[in-house]
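Chain and residue survey
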Amino acid sequence: MNSKQRVRIDKTFKYLFQFAGFACIGILVGIFIMLIYNSVAFFIQIKPLDFVTGTQWNPSLHFGLLPLLASTLLVTFGAMIIAIPLGICTALFISEYATGVTKSILKPAIEMLSAIPSVVIGFLGIVVISPGISAVFGLSNGLNSLNGAILLAIMALPTIITVAEDAIHAVPLTIKEASYGLGATKWSTMKSIVLPAAYPGIIAAVMLGMGRAIGETMTVLMATGNSLAFPTGFFSSIRTITATIAIEMGEVPFQTTHYHGLFALALILFLITMSINVLAERIANRIRKFQ
Amino acid sequence: MQTTKIQTKTIIDISDLNLFFGEKQVLKNIGMNIAEKMVTALIGPSGCGKSTLLRTLNRMHDLSPDAHISGDISIDGQNIFHKNIIVNNLRKKVGMVFQKPNPFPKSIYDNIAYGLQINGFSKEKIPQIVEESLHKSYLFEEVKDKLHEPATRLSGGQQQRLCIARTIAVKPDIILMDEPCSALDPLSTLKIEELILDLKKDYTIVIVTHNMQQAVRVSDFTAFMYLGELVEFDETIKIFNNPEKQLTKNYINGHFG
Ligand SMILES: Nc1ncnc2c1ncn2[C@@H]1O[C@H](COP(=O)(O)OP(=O)(O)O)[C@@H](O)[C@H]1O
Ligand SMILES: [Mg+2]
């Protein structure tokens, strides 16, 4: 192989890697442009204000975001109420209390939980949890927001536990010893030293879990009843933004207002996840300053 | 070894102390009386068990499940291994300053207030005690305008003085220091040594040090340890001028270590 050939091979690979790198950015930008372009097409026909204040989603006539947004927020909120305390307590238990056998079973078990496909979780919701809910609360239909919240909590838990546990585990032993050295109990050390020190990581954990819950589609589509009525509580059947896009995208005629409207929904979803990220980053930074 | 010229009262009485980490014996038959309101230095080559001995005195080894201890340690006549001893109270009474400055990831003020809160000091008294402790640890002038800034922004020497401040804030009788200057520059070291000499008016201090000049400068008594055993324990002047044991003499003269 002469040197000319070697230079050529070198260059070829350089361009190949460059191409791979740019392709990623290209895809990202492409998706963003597509979202914006189609949303603009939608907002030309439907006033943005009507969209964000509309209380009915009925794509032949009404394009109101609110019932879908309320559904998404309700089910996510419910999931977080369940998953955050459970997740953080489990993470604390694994990292600070569990020993030997318990720990060696618990950690892989939790990782396994995250390997369950969402369609299986949805299935579990239909055949186990939803009948359970209707039996306990005496409802005719258990396919509701509560059912979705429980399932989303199950799905968000592995993420929350794993990330929070890493953060708690990373708190240096030296500052825990300093706390014990002053006469602190295990509980005060946990509450006032370990948890605050692990806060940025715990926020990240919650944020990732929340992102998982908001973006989840299949489970909520299967388990929450898909009702377009405005939700009134955890016993209402709901239809989230994700489920709406998934259900309607397959049937909508190309290039119609309805079609563009689904992109506007996707844009809203994107904005929500992005603001959660930004907010969480800010909180984490403010606390990180002390470390 | 009880033929000391300084008149003292024993506050810590260690006898027949053995400590194992798993199968490995780290402390062998240690017996010594530590005098009240004096500075006692622990010296010896690294790995000889100085930190381990120090950490038995506030039962820090409770945190390591593979540490097994036999023998007795009495503080103020009370056996610290007795089942009626509340370990949190013991640790309040026997404070500890660590090798590397380890402030909490909190503000300067909260670093000190934390120990007061967990030990049930009344809320109204906390600001005053925080300030006193900062004065006593020669830190107040340097930090008075930034009490609510993160403690981690302080220099290493300042952080270590803050750690001393938070230790004395809870009003211990005894302060254990494990090579408190080993991570500091000479100037900060000097400041801490000055502080130690000042603190011994009110506290009993046990200090591990790697630095023999430091032992000479700050301590009244020196214990020389080697391979888990207490080789010689006497007044510092005696240890450094006229030790009984050849091993001590060799170590002092820098033949090993
Ligand atoms: N938690 C522990 N588990 C097992 N061995 C330990 C532990 N802590 C210290 N040791 C061992 O005990 C011996 C004494 O250590 P240490 O007391 O830290 O020595 P020094 O402070 O004199 O340098 C060393 O051999 C060290 O490896
Ligand atoms: Mg040591």
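Residues numbered from 1 in each chain as written. Chains lettered and ligands numbered in written order. Predicted model: local features only at pLDDT ≥ 70, side-chain atom pairs only at ≥ 80, totals over all residues. Heavy atoms only, no water.

What follows deals with the packing of aromatic side chains. Throughout the structure, instances matching the rule amount to 13 aromatic pairs over all chains. Ring centres of Phe13(A) and Phe17(A) lie 6.1 Å apart, and the angle between their planes is 45 degrees; this geometry places the pair in the tilted category. Residue Phe13(A) and its partner Phe17(A) are located together in helix H1 (residues 3-45), separated by four residues, close to a single helical turn. Here Phe42(A) and Phe43(A) contribute two aromatic rings whose centre-to-centre distance is 5.3 Å and whose plane-to-plane angle is 65 degrees, an arrangement assigned as edge-to-face. Arg166(B) extends its terminal NZ or CZ atom over the ring of Phe104(B), reaching a point 4.5 Å from the ring centre. (Phe/Tyr/Trp six-rings, centres within 6.5 Å; stacked < 30°, edge-to-face > 60°. Helix = DSSP H or I, 4+ residues; strand = E, 2+ residues; numbered from the N terminus. Lys NZ or Arg CZ within 6 Å of the ring centre and 35° of its normal.)

Moving on to the side chain of Glu248(A). Residues and elements named next belong to chain A. With respect to the helices, strands and loops of the structure, Glu 248 is situated in helix H10 (residues 241-249). Within polar-contact distance, the side chain of Glu 248 engages the side chain of Trp 57 at 3.2 Å. One polar contact links Glu 248 to Arg 239, side chain to side chain, over a distance of 2.2 Å. Setting aside anything within four residues of it in sequence, one finds Glu 248 in contact with Trp 57, Pro 59, Arg 239, His 258 and Leu 262. (Polar contact = N/O pair within 3.5 Å; in protein donor to acceptor, adjacent residues only side chain to side chain. Contact = heavy atoms within 4.5 Å.)

Turning next to the interface of chain B and chain A. Contact with chain B, which involves 28 residues of that partner, is made by 19 residues of chain A. The contact between chain B and chain A buries some 1900 Å² in all, and 65% of this surface belongs to carbon and sulfur atoms. A per-residue breakdown of the area chain B buries against chain A is headed by Phe104(B), Pro105(B) and Tyr114(B), which together make up 28% of the total. Inspection of the chain B/chain A interface yields one salt bridge. (Buried area = accessible area lost by both parts, 1.4 Å probe. Salt bridge = Lys/Arg side-chain N within 4 Å of Asp/Glu carboxyl O.)

What follows is about the confidence of the model for chain A. Averaged over every residue, the pLDDT of chain A is 92; the share at 70 or more is 98%. The lowest-confidence element of chain A is helix H11 (residues 257-288) of chain A, averaging 87 in pLDDT; the highest-confidence one is helix H7 (residues 173-181) of chain A, averaging 96. (pLDDT = per-residue confidence, 0-100.)

Residue and element names in this part refer to chain B. One non-glycine residue with positive phi stands out, namely Asn 29, at about 50 degrees. One can find Asn 29 in strand S2 (residues 24-35). We classify Asn 29 as exposed; its relative accessible area is 55%. Residues other than glycine seldom take positive phi values, yet Tyr 138 does so here, at roughly 60 degrees. (Buried < 20%, exposed > 50% of the residue type's maximum accessible area, 1.4 Å probe, protein only.)

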